[in-house]
Structures are given as C-alpha cells and as structure tokens.
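# An overview of the molecular structure
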Amino acid sequence: MSTNPHPQLGSYRALLFDMDGTVINSIAAAERIWGTWAQRQGLDVAAFLPTIHGARSVDTIARLRLPGVDAQRESQGITDAEIIDVEGIIEIAGALRFLQSLPPAQWAIVTSAPRALATARLKAAGMPIPAIMVTAEDVKAGKPKPDCYLLAAQKLGVAPVDCLVFEDASVGIEAGEAAGAKIMVVTATHAHPLATRHPAIASYEGLVATVDGDGFIVLAQLPAPAPAARATR
C-alpha cells in the first residue's frame, strides 16, 4: 500500500454509508409519521421518538411489546406512510458532492429502511442510487447486529476490516464495530452529543476522497476557509 499523506483519516477499500442522519436528513418526515403512530398507541411521544433512529421499524415496534400489536403489520403501515411523505428530506451538507466523487464500485448504502423507502428518500433528497444497497429486507437480524455491514462488504468484494462505516446512531455504530470495520460518526442531525471513541464529522464539506495507486480510497479533510477580512473605512 502506498503511504497515506493523511493518516488521521486513513485509506479504505470501500466506504459504507448508513442513510438517515448520515447522508440525508429525514428526521422531520420520520418523526411526523412515527409521532402520529405513537400517539395512537398511547405512548409518550417525546420519550419514544429518540428511540426510532437507526433500527428497523419492525424491531423498534417489537421492542415495545405492546399487547395486541402485530409488529410486522404496523411496520408495513409506517413504511407505506413514509414512502408517501418525503417532504423536507434533504442531503447532509456536502454529501452529494462527496458520493459523486467516489468510485461507484467502492461504496454502498447500508440502511435499516426497507428498499422502497430508501429509494424514495434518496430520490427526494436528489442523491444517487448506489449500485450496492443493503436494506431491511436483506438481513434476518438488523442493527446492532453486524449482518448488514458484513453483507455490504461481501457484495463489494472487500474485507470488512478494510471498510469505513459512516454512521450517526448508536445501534449502527455497534453494528459497524461488530463487523470489524472502522467508524466515522456523522453528527449533523445530533440534538445532543453522542459519546464515542470514533472520529466524527459535522458534514461532508471539505472531505475529499482520492484513489491511490493500489486502489485504496484515501480520505482527507481540507482546512476550513479563513473568514473574510472585514473592510475598514
């Protein structure tokens, strides 16, 4: 492997991206749908909504153990509503430019959303649909189990240890760790700081990817531009 001029960001065979909160911001849409559902179930909406992020909807509902509630059926109803309601879904700053700069065969979306919802949200935000996308239907066990990231690495033909996972939620970070990948935490949608030992970025602004002679993606963070000097009279 050639020497990496930016060792703090590293060189990777592939980059694996969670979707919601990581390359797109869908919080407003998700919380509209889930908030209505939680209200119907008599839940404390404010306490419940922070628990929905990062996990498959069926797993979120099943965890509640609500009497008489069919998690699979309720999950499908929520997904159907989320596919229709994509208002306000936008990219995380700089994500579109960054994804478009990557070799298509060296990155994937790995999301807890079903495929139809993932496609609808990416399109709503004007994001590219990758050649490889691992979604809720593709694994038996969702995050925090590592299955989704292991499958994505396998589909890309790389070892998980040579991958960098971009995540925003605790369950996703756990999944990436369990897969043996390196982790980059995206904090763009965090209302509260997330305690983590991993490096973090607030956006993709200034994040640059190049491919070295050995085919590794080399990541570098450009310095922020200096503030413009004030004009003096």
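Above this note sits the structure.
Owing to the predicted nature of the structure, the values given are computational and were not obtained by experimental measurement. (Residues numbered from 1 in each chain as written. Predicted model: local features only at pLDDT ≥ 70, side-chain atom pairs only at ≥ 80, totals over all residues. Heavy atoms only, no water.)

## Topic: the packing of helix H1 (residues 27-40) against helix H4 (residues 71-84)
Packed helices, taken two at a time, are described by the angle their axes make and the gap between the axes. As a packed pair, H1 and H4 sit with axes 10 Å apart at the nearest point and diverge in direction by 140 degrees. In the crossing of H1 with H4, the sense of the turn from one axis to the other is right-handed. Facing Ala 30, Ile 33, Trp 34 and Trp 37 of H1, the residues of H4 in contact are Glu 74, Ile 78, Ala 81 and Glu 82. Taken together, the residues of the contact of H1 with H4 break down into 6 nonpolar, no polar and 2 charged. (Axes fitted to C-alpha atoms, helices over the stretch in contact; angles between N-to-C directions. Helix = DSSP H or I, 4+ residues; strand = E, 2+ residues; numbered from the N terminus. Left-handed = near helix turned anticlockwise from the far one by under 90°. Contact = heavy atoms within 4.5 Å. Nonpolar A, V, L, I, M, F, W, Y, C, P; charged D, E, K, R; others polar.)

## Quick look at the pattern of salt bridges
Counted according to the given criterion, the structure contains 9 salt bridges. Lys 143 is paired through a salt bridge with Glu 167; the nearest N and O atoms lie 2.8 Å apart. In this pair, Lys 143 is assigned in the loop between strand E6 (133-134) and helix H7 (147-156) and Glu 167 in strand E7 (residues 163-167), connecting sequence segments 24 residues apart. Through salt bridges with shared partners, one network takes in Asp 18, Lys 143 and Glu 167. (Salt bridge = Lys/Arg side-chain N within 4 Å of Asp/Glu carboxyl O.)

## Description of the layout of surface pockets
By volume, the largest pocket is sized at about 760 Å³. Lining of the largest pocket is provided by 36 residues; of these, Pro 50, Ile 52, His 53, Gly 54 and Asp 168 occupy positions nearest its centre. Where the lining of the largest pocket is concerned, the elements lending two or more residues are H1, helix H3 (57-64), H4, helix H6 (115-124) and helix H8 (170-179). At 4 residues, the largest contribution of residues to the lining of the largest pocket is made by H1. Counted by class, the lining of the largest pocket contains 15 nonpolar, 13 polar and 8 charged residues. In this structure, the second largest pocket encloses a volume near 230 Å³. Considering the residues around the second largest pocket, the lining is formed by 14 residues, among which Gln 72, Ser 75, Pro 114, Ala 136 and Glu 137 are closest to the centre. (1 Å grid on protein atoms, 1.4 Å probe; cavity = no way out; pocket = protein on both sides within 12 Å on 5 of 7 lines; lining within 4 Å. Points joined across faces, edges and corners; volume = space filled by probe spheres on them.)

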